Amino acid sequence: MDPLKRRIDDGEWMDVIDNATNMYKDRGFEKGSEEESMGVLEKTGNKDCGQFVMRYMMEIIHDKELDFANKLTIHPLWAFSSTLFVMAPSRKKKNQIEIISENAEFEQVRSLGDDIESEDAGENGDNNDQSEQLLEMTEQEGISRKRKSGSLETQQSQPYQKKSRKKTARCWPYLDTVEENNQTIAICKFCKERIKCDPTGCTTTLNRHVNKCRKENGQTSQALLQFQPIDVKSSEVTVGNFKYDHVEMRKIISHYILVNELPFRHVESFMFDKVMRTATPFWEKISRHAVRKDCFSTYEIEKNKLREMFKYIRKINITTDMWTSSHQKIGYMVVTGHWIDSNWNLNMGVLNFCNVPPPHSGFIISEALFKCLDEWGIIDKIGTLTVDNAATNDVVLRYLKQTFSVRRSLSIEGKMFHARCCAHILNLCVQDCLNPTEDIVDKVRDGVKYIAASESRRIKFAEISKSLGLKCKKLILDVPTRWNSTYNMLEYAIQFKNFFLIYSTSDPGFKEYVPGAEDWKQVEGVCSFLKVFSDVTKVVSGTGYSTSNLFLSEIRRVKHIIDRKAIDPNMHVREMARIMELKFEKYWGETNLVMSIGAVMDPRFKMKLPVFCFPTLYPIASDAETNMSYLLNALNDLYFEYCREEKDANKERNEYGVSSSDANFIIEQSETPQGINDYESFIRESGGILEPTKSQLEEYLSEKIIAPSSKFDVLAWWKGNSAKYPILSKMASDVLSIPISTVASESTFSASGRVIEPHHSCLKPETVEVLLCGADWVRELYGLKKLKQEEKDIIINLD
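## Overview of the overall build of the chain
- Looking only at helices and strands, one finds 34 helices and 12 strands in the chain.
- In the chain, once contacts between residues fewer than 6 apart in sequence are set aside, the share between residues at least 24 apart is 70%.
- Carbon together with sulfur atoms contributes 51% to the accessible area of the chain, which is approximately 45,800 Å² in total.

Structure follows, in structure tokens:
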């Protein structure tokens, strides 16, 4: 390869120029005019340096970023090289312009020198041909300048003037311009309207006019395409128009922050901004202050939606509880509403999570709760209030019951207003059951901790259990504050009771944690109790289904196990049964109307389930009959209240709810004409009108029950039979929405513990309420389930 060409390809341009300068100086070249330069080139007949310079100049001109005008003043060969370039001979005919593409221009001109070199080798430096080439280069000079700088005549007529800026406004392709009286006039190609152009160059008016004409003529700009998945789990996409809406984006980000319980500063993180910019180039970064404002806006919007919906709900049942933040040392009260909507869907929502100032007495809490209910406008719609068994709550219920009784808004004189949390009562019974065996439970817990503390112990214990063929592969370490976790630990430990003794022979340190034979009997007795209580707690603690209709059969199961264990041969088991029976009689010694009427409203049970359960709950026959009569009277009174309310509502509709189309057929009379009264009497005497012989309640109870099934949906059944029982279905809707536990409210405390973490302990109570209530409402908006994060059992695998 030619050394000069190689160096050109390597890009060592300045070194090559220096070498070319020295070459021309050796041959008598000095800096001068372009004519002198060309004369030297013609005299020497050596074109190798000229070819190089021409190629080099093409590189410079092709690179748009280089300032060509300044380069001419730096080096003596720049002027000469520019002359050579603009006079480069064309391989076409004389005076014919060669049109080449932008990408191919550089390679074509770069190879031009090689073509000339091959021609020179064949002609042996013929001077006549060389002169002809120089003439062609002179002609090509004008062509190149015209192609590079515009019209040659324009350049000569307007020297040193700034080149006119290219018109880039989107309106110009649709406008023609003319000059009239030193004023530029734009003529629309669509409507031919003449518009004066702004002397400052502003095109706002022109753009507005063109956009209007384009729409009228059916020409619109091409919309961006948006590819959206048909399904979250599917890879198929649909094509639609895309328009970036920053307002909608901020709304969705506020939902994202609330649902995932994230801090406001999350949107200012580098990676969040990176993700958003990768997703859309239109993303505009927002601050934590803007997100906080958006979260408050979302809270207000969803709250107004909920308040508007409550106008069409008959009854709303409430659960409430108190909680003190360990980081803020502030007392909060959570208020949760439960209701069934017109589509017979069970709904639950956190209404308030507000700060209650000390002291947390019954009067203060009742005032705070009444204020919350009044703010939502549901004072006259409260059906049942479910609370735990704290003594303060009894005072709260007494104050509220007095207030609501004055307003006459409680059903059957408030007999169903107070419902005790059944899960809390079961917990109290279990704690009384575990207290006599606390030492044994601690010994089992410490033994499991001892094995879990060392890997070598776990391996050795696993080898022993494997050699003896035990199928169980794990131990569980409980969370001491949760009795169901303790039950799981004891249930698994019982399966290893023989291995505890065998392992202690190989590890003397484990002997103090091995329960004796009598201790294991007590553990087995505790587990026999706890198994029933664990199953019942799982049933009554549900929030996604109706529970008021299920508890009567479950509480009968609890009473049955207590009565059976009361005559157990083991003295410790009998003692535990005696303690549990006292606790049971304290809370369920009298008829619980909520769970009894709830069971009657289930078409699988009706009155059959109370007849089956009451003899077990009330062993004395007279007590069972008394409670059964009390249930029937309360059931009839509640139904008659609904009938009376329905009659009043129909009367009001007849007076004020007549549509404009029906008004034409209404005769303005204060009394029914006597002729119509006579006709009605005749029809009744002749038997033309059949009066209903049974009420809807009596008809419902007289029908056969539906075969019991665990998959039966009681709400779906009432939805399908609401036309048959229009009044009774409303009663069933209000009763079946009653929660019999405060688990829904207590689960909010788990979320509050995550929101009010040590780094967020300075949050104001108003902000905490927005975060927790807003998160609950937005989850409901998208059909998401509430996050349940609680302390989990520690599982020790022995595989």
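Further notes follow.
## Digging into the sheet that holds strand S2 (residues 183-188)
- Ordered in space as S1-S2-S3, the 3 strands form an open sheet in which the pairing is antiparallel. Among the strands making up the open sheet, the edge pair consists of strand S1 (175-180) and strand S3 (194-196). Neighbour to neighbour, the strand axes of the sheet diverge by 35° on average, direction disregarded.
- Along the sheet face, helix H11 (residues 204-216) touches S1, S2 and S3 and points at about 15° away from the line of S2.

## Looking at helix H34 (residues 765-782)
- When the terminal C-alpha atoms of H34 are compared, their 26 Å separation across 18 residues agrees well with the 26 Å that a helix rising 1.5 Å per residue should span.
- Among the 18 residues in H34, 13 count as buried, and that is most of the element.
- Directly after H34, the chain includes Gly 783, whose backbone phi takes a positive value near 70°.

## Observations concerning the packing of helix H12 (residues 246-259) against helix H14 (residues 288-310)
- Orientation of H12 relative to H14, taken along the N-to-C sense of each, is 85°, at an axis distance of 9 Å. Classified by the interaxial angle, the pair formed by H12 and H14 is roughly perpendicular. Here Arg 250, Ser 254, His 255, Ile 257 and Leu 258 of H12 lie close against H14, whose contacting residues are Ala 290, Val 291, Asp 294, Cys 295 and Thr 298.
- Across the contact of H12 with H14, the residue classes tally to 5 nonpolar, 3 polar and 2 charged.

## A word on the nonpolar core
- With 97 residues, the main nonpolar core has Met 601 and Trp 718 as its most contacted residues.
- Ranked by the residues each element gives to this core, the list is headed by helix H22 (residues 517-540), at 10 residues.
- Met 601 has contacts with Leu 635, Tyr 700, Val 714, Trp 718, Leu 728, Met 731, Ala 732, Val 735 and Leu 736, leaving out every residue within four places of it along the chain.
- Grouped together as the second largest cluster of nonpolar side chains are 38 residues, Ile 316, Phe 353, Val 356 and Leu 772 included.

## Regarding helix H32 (residues 726-736)
- Most of H32 sits inside the fold, with 9 of its 11 residues counted as buried.
- Taken together, the buried positions of H32 are occupied by Ile 727, Leu 728, Ser 729, Met 731, Ala 732, Ser 733, Asp 734, Val 735 and Leu 736.

## What about unusual backbone geometry?
- Going from Pro 358 to Pro 359, the amide bond is cis rather than trans, its omega being 0°.
- By the secondary structure assignment, Pro 359 is in the loop between strand S8 (346-355) and helix H15 (362-376).

## Some remarks on the pattern of salt bridges
- This structure, assessed with the given rule, holds 24 salt bridges.
- When the shortest N-O distance is used, the salt bridge between Arg 250 and Asp 294 registers 2.9 Å. You can see Arg 250 sitting in helix H12 and its partner Asp 294 sitting in helix H14, a full 44 residues away along the chain.
- Arg 250 sits in the partly exposed class, given a relative accessible area of 25%.
- One network of salt bridges, in which partners are shared, links Arg 314, Glu 645 and Asp 734.

## Section: the confidence of the model for the chain
- Summary statistics for the chain give a mean pLDDT of 76 and a share of 69% for residues scoring 70 or more.
- Across residues 1-11, where pLDDT falls below 50, the model places 16 contacts with residues more than four positions away in sequence or in other chains.
- Contacts from residues 657-670, a stretch scored under 50 in pLDDT, to residues over four places away or in other chains number 4 contacts.

## Digging into the sheet that holds strand S6 (residues 316-324)
- Judged by pairing direction, the sheet is mixed, and its 5 strands sit side by side in the order S8-S7-S6-S9-S10 without closing on themselves. The open sheet has two edge strands, S8 and strand S10 (418-420), and neither has a second partner. Pairwise comparison of adjacent strand axes, ignoring direction, gives a mean angle of 25° for this sheet.
- Set on the sheet, H15 makes contact with S6, strand S7 (331-340), S8 and strand S9 (382-387); between it and S7 the angle comes to about 45°.

## Things to note about the packing of helix H17 (residues 422-434) against helix H24 (residues 571-588)
- Taken N-terminus to C-terminus, the directions of H17 and H24 make an angle of 155°; their axes are 9 Å apart at the nearest point. What the angle tells us is that H17 and H24 run roughly antiparallel. Along this stretch, H17 crosses H24, giving a crossing that reads as right-handed. Here H17 contributes Cys 422, Ile 425, Leu 426, Leu 428, Cys 429, Val 430, Asp 432 and Cys 433 to the contact with H24, which in turn contributes Met 576, Ile 579, Met 580, Lys 583, Tyr 587 and Trp 588.
- Among the residues making up the contact of H17 with H24, the classes are represented as 12 nonpolar, no polar and 2 charged.

## Concerning the pairing of S9
- Burial analysis of S9 places 6 of its 6 residues in the buried class, which makes it a mostly covered element.
- As paired elements, S6 and S9 share 3 bridges and run parallel to each other. Considered in S9, the bridge of Ile 316 is made with Ile 382.
- Sheet analysis places S9 next to S10, joined by 3 bridges and oriented parallel. By the bridge assignment for S10, Thr 386 is matched with Ala 419.
- Read as a crossover between parallel neighbours, the route from S9 over helix H16 (residues 391-407) to S10 is right-handed.

## A closer look at the packing of aromatic side chains
- Applying the stated criterion to the full structure yields 31 aromatic pairs.
- Considering the side-chain rings of Phe 272 and Trp 283, the 6.1 Å spacing of their centres and the 80° angle between planes classify their relative orientation as edge-to-face. Linking Phe 272 in helix H13 (residues 270-279) with Trp 283 in the loop between H13 and H14, this pair joins segments that are 11 residues apart in sequence.
- What links up through ring pairs into an aromatic cluster is the set Tyr 450, Phe 461, Phe 496, Phe 499, Phe 500, Tyr 503, Phe 510, Tyr 513 and Trp 520.
- Above the ring of Trp 376, the side-chain terminus of Arg 307 is found at 5.7 Å from the ring centroid.

## Considering the state of the cysteines
- What the rule picks out here adds up to 0 disulfides.
- The closest cysteine sulfur to the non-disulfide-bonded Cys 773 is located on Cys 354, 8.6 Å from its own sulfur.
- Assessed through its relative accessible area of 0%, Cys 773 is described here as buried.

## As for the side chain of Ser 741
- Tracing the backbone through its elements, the reader meets Ser 741 in the loop between H32 and helix H33 (743-755).
- Within the local environment of Ser 741, its side chain forms a polar contact with the backbone oxygen of Val 540, the two atoms lying 3.2 Å apart.
- If we skip the residues at most four places from it in the chain, Ser 741 touches Thr 319, Thr 386, Cys 421, Cys 422, Ala 423, Val 540 and Ser 541.

## Some details on a nonpolar patch on the surface
- A surface patch of nonpolar side chains, amounting to about 350 Å² of accessible area, comprises Ile 252, Leu 781, Tyr 782 and Leu 784.
- Residue position: Leu 784 is located in the loop between H34 and strand S12 (794-797).

## Observations regarding the environment of Glu 698
- Mapped onto the elements of the fold, Glu 698 is located in helix H30 (residues 696-702).
- By relative accessible area, which is 46% here, Glu 698 ends up partly exposed.
- Residues Glu 698 and Asn 636, 62 residues apart in the sequence, show an inter-C-alpha distance of 9.4 Å.
- Within the structure, Glu 698 has its side chain in polar contact with the backbone nitrogen of Ser 695 (distance 3.1 Å).

The rules behind the values
Residues numbered from 1 in each chain as written. Predicted model: local features only at pLDDT ≥ 70, side-chain atom pairs only at ≥ 80, totals over all residues. Heavy atoms only, no water. Helix = DSSP H or I, 4+ residues; strand = E, 2+ residues; numbered from the N terminus. Contact = heavy atoms within 4.5 Å. Areas by Shrake-Rupley, 256 points an atom, 1.4 Å probe, with all protein chains shown as cover. Pairing = 2+ DSSP bridges. Axes fitted to C-alpha atoms, helices over the stretch in contact; angles between N-to-C directions. Expected span 1.5 Å × (residues − 1). Buried < 20%, exposed > 50% of the residue type's maximum accessible area, 1.4 Å probe, protein only. Parallel < 35°, antiparallel > 145°, perpendicular 65-115°, else oblique. Nonpolar A, V, L, I, M, F, W, Y, C, P; charged D, E, K, R; others polar. Core = buried A, V, L, I, M, F, W, Y, C linked by side-chain atoms within 4.5 Å. Salt bridge = Lys/Arg side-chain N within 4 Å of Asp/Glu carboxyl O. pLDDT = per-residue confidence, 0-100. Left-handed = near helix turned anticlockwise from the far one by under 90°. Right-handed = clockwise from strand over helix to strand, strands pointing away. Phe/Tyr/Trp six-rings, centres within 6.5 Å; stacked < 30°, edge-to-face > 60°. Lys NZ or Arg CZ within 6 Å of the ring centre and 35° of its normal. Disulfide = S-S within 2.5 Å. Polar contact = N/O pair within 3.5 Å; in protein donor to acceptor, adjacent residues only side chain to side chain. Patch = residues over 30% accessible without salt bridge, like charges linked within 9 Å, V, L, I, M, F, W, Y side chains within 5 Å.

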